[in-house]
Amino acid sequence: MILPQKIAQGSGAASVADNPGRRAPDLAASLGRETEPFKRDVRKLKNLGLTHSLDVGYRISPRGAAYLAATPDGP
């Protein structure tokens with residue numbers, strides 16, 4: 001599955017990977033973004049199977065981790 005890098009990068013996928021369980025407002029603020037647009041982007045990633053929602057925050061899925069590792073700007 002090939003994804004446009006813009007979706008993963010713009011949503012802060014790497015930030016989710018580096019901060020599992022961190023609250024969306026905190027992640028958004030760390031990226032200089034507003035919370036609601038950030039949450040919409042993370043939901044897009046979830047629909048693609050790249051993230052999982054937790055009771056508080058998010059975590060990257062195995063598919064998301066593989067994608068990030070394969071992208072030039074991945075961790």
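All values derive from a computational prediction rather than experimental measurement. (Residues numbered from 1 in each chain as written. Predicted model: local features only at pLDDT ≥ 70, side-chain atom pairs only at ≥ 80, totals over all residues. Heavy atoms only, no water.)

Enquirer: I keep staring at the side chain of Ser-61 and nothing clicks. Help me out?
Expert: Following the sequence through the fold, Ser-61 ends up in the loop between β2 (58–60) and α5 (62–70). At 3.0 Å, the side chain of Ser-61 and the backbone nitrogen of Gly-64 are in polar contact. Apart from the residues lying within four places of it in its own chain, the contact partners of Ser-61 are Gly-49, Leu-50, Thr-51 and His-52. (Helix = DSSP H or I, 4+ residues; strand = E, 2+ residues; numbered from the N terminus. Polar contact = N/O pair within 3.5 Å; in protein donor to acceptor, adjacent residues only side chain to side chain. Contact = heavy atoms within 4.5 Å.)

Enquirer: Before we go on, may I ask you to explain α5 in this structure?
Expert: Every α-helix carries 3.6 residues per turn, so stepping three or four residues along brings you back to the same face. Buried within α5 we find Gly-64, Tyr-67 and Leu-68. The buried residues of α5 all sit within an arc of 95 degrees when viewed along its axis, so they share a single face. Exposed residues lying more than 90 degrees from the buried face of α5 are Pro-62, Ala-69 and Ala-70. (Buried < 20%, exposed > 50% of the residue type's maximum accessible area, 1.4 Å probe, protein only. Arc of directions from axis to C-beta.)

Enquirer: Can you help me understand the pattern of salt bridges in this one?
Expert: Note that side chains of opposite charge can pair when their charged atoms are close. In the structure shown here, the tally under the stated rule is three salt bridges. Notably, a salt bridge pairs Arg-23 with Asp-26, separated by 3.3 Å at the nearest N-O pair. Judged by its relative accessible area of 42%, Arg-23 falls in the partly exposed class. Assessed through its relative accessible area of 30%, Asp-26 is described here as partly exposed. The residue Arg-33 makes a salt bridge to Asp-41 at a minimum N-O spacing of 2.8 Å. For Asp-41, a relative accessible area of 16% puts it in the buried group. Each of Arg-33, Asp-41 and Lys-44 takes part in a single network of salt bridges with overlapping partners. (Salt bridge = Lys/Arg side-chain N within 4 Å of Asp/Glu carboxyl O.)

Enquirer: Explain helix α4 (residues 35–47) here, please?
Expert: Along its 13 residues, α4 runs 18 Å from first to last C-alpha, staying within 8% of the 18 Å computed at 1.5 Å per residue. Three or more residues of α4 are buried, namely Phe-38, Asp-41, Val-42 and Leu-45. Viewed along the axis of α4, the buried residues span an arc of 100 degrees, placing them on a single side of the element. (Expected span 1.5 Å × (residues − 1).)

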